[in-house]
Amino acid sequence: DVLEYFIKENTTKIQHNLYKLSNSDSLYFLLCPDLMNISGEAIFKIYKKMDFNHLIILVDELDLGFGEIKHKFSSENRGHNGIRSINNSFKCKYWQIIIGIDRPKDNLPISDYVLSKISYIEREQIPVIAYKVGHILFNIIHQIKDGIVI
């Protein structure tokens, strides 16, 4: 939901599921057509076809509270099947922007929880979270341009 909101507000559609950041010649966003758990191959194909130089993945995280955000340059998967899938296709480190989704409050299985719709209260927070993600993206892009990896 955060990526979809950010894309809607800040990009131009190039082709199906691929968007270019407004006012940029080199930053693209892909809404993967596959489920995150099997996304690695699809992302890799587009990455190679477009001849990209860097990869930044937005990933959900159960062990962070809803809307908390961290970022790092790593291919560590922390048990996340989507990151594991990406690692099977990419043999390098990449940027991860990790967005907290919290753990289910009831006994809902995790697989059902991560695919369920977010609550109205959570949906109201999406613009603020997207703004924070945009700020982190801006900082990562400048680190990449300056040759800095932290």
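One can find the structure itself at the top, above this paragraph.
Residues numbered from 1 in each chain as written. Predicted model: local features only at pLDDT ≥ 70, side-chain atom pairs only at ≥ 80, totals over all residues. Heavy atoms only, no water.

Even after reading the chapter, I still don't get the pattern of salt bridges, so can you show me in this structure?
As a working rule, side chains carrying opposite charge can pair if their charged atoms are close by. Across all of its chains, the model carries 5 salt bridges by this definition. For Glu-76, the salt bridge is made with Lys-72, and the minimal N-O distance between the two is 3.0 Å. (Salt bridge = Lys/Arg side-chain N within 4 Å of Asp/Glu carboxyl O.)

Please clarify how the environment of Ile-118 should be interpreted in this entry.
Counting through the fold element by element, Ile-118 comes out in the loop between α4 (110-115) and α5 (120-145). Classification of Ile-118 by relative accessible area gives partly exposed; the value is 23%. Residues Ile-118 and Ile-101 lie 17 residues apart in sequence; the distance between their C-alpha atoms is 9.2 Å. When sequence neighbours within four positions are dropped, the list of residues in contact with Ile-118 reads Asp-1, Arg-123 and Ile-126. (Helix = DSSP H or I, 4+ residues; strand = E, 2+ residues; numbered from the N terminus. Buried < 20%, exposed > 50% of the residue type's maximum accessible area, 1.4 Å probe, protein only. Contact = heavy atoms within 4.5 Å.)

Mind showing me how you'd approach the sheet that holds strand β2 (residues 18-21) here?
Picture the strands of a sheet paired through backbone hydrogen bonds; they go either parallel or antiparallel. With antiparallel pairing, 3 strands are arranged side by side in an open sheet as β1-β2-β3. Here the strands that pair on one side only, and so sit at the sheet edges, are β1 (11-15) and β3 (28-30). Averaged over all neighbouring strand pairs, the angle between strand axes comes to 35°, with direction disregarded. As defined by bridge partners, β2 adjoins β3 across 3 bridges and the pair is classed as antiparallel. When the sheet's bridge partners are listed, Tyr-19 is paired in β3 with Phe-29. (Pairing = 2+ DSSP bridges. Axes fitted to C-alpha atoms, helices over the stretch in contact; angles between N-to-C directions.)

It is not clear to me how the packing of aromatic side chains should be interpreted in this structure. Could you clarify?
The description of an aromatic ring pair uses the distance of the two centres, along with the angle that the planes make with each other. Here the structure, examined in full by the defined rule, presents 3 aromatic pairs. For the ring pair Phe-44 and Phe-90, a centre distance of 5.1 Å and an interplane angle of 80° mean the geometry is edge-to-face. Of the two residues, Phe-44 is situated in helix α2 (residues 40-50) and Phe-90 in the loop between α3 (81-89) and β6 (95-100); the sequence distance between them amounts to 46 residues. The class of Phe-44 is partly exposed, set by a relative accessible area of 29%. (Phe/Tyr/Trp six-rings, centres within 6.5 Å; stacked < 30°, edge-to-face > 60°.)

Please explain a nonpolar patch on the surface as it appears in this structure.
A surface patch of nonpolar side chains, about 480 Å² in accessible area, is lined by Leu-35, Ile-38, Ile-110, Val-114 and Leu-115. Mapped onto the fold, Val-114 is located in helix α4. (Patch = residues over 30% accessible without salt bridge, like charges linked within 9 Å, V, L, I, M, F, W, Y side chains within 5 Å. Areas by Shrake-Rupley, 256 points an atom, 1.4 Å probe, with all protein chains shown as cover.)

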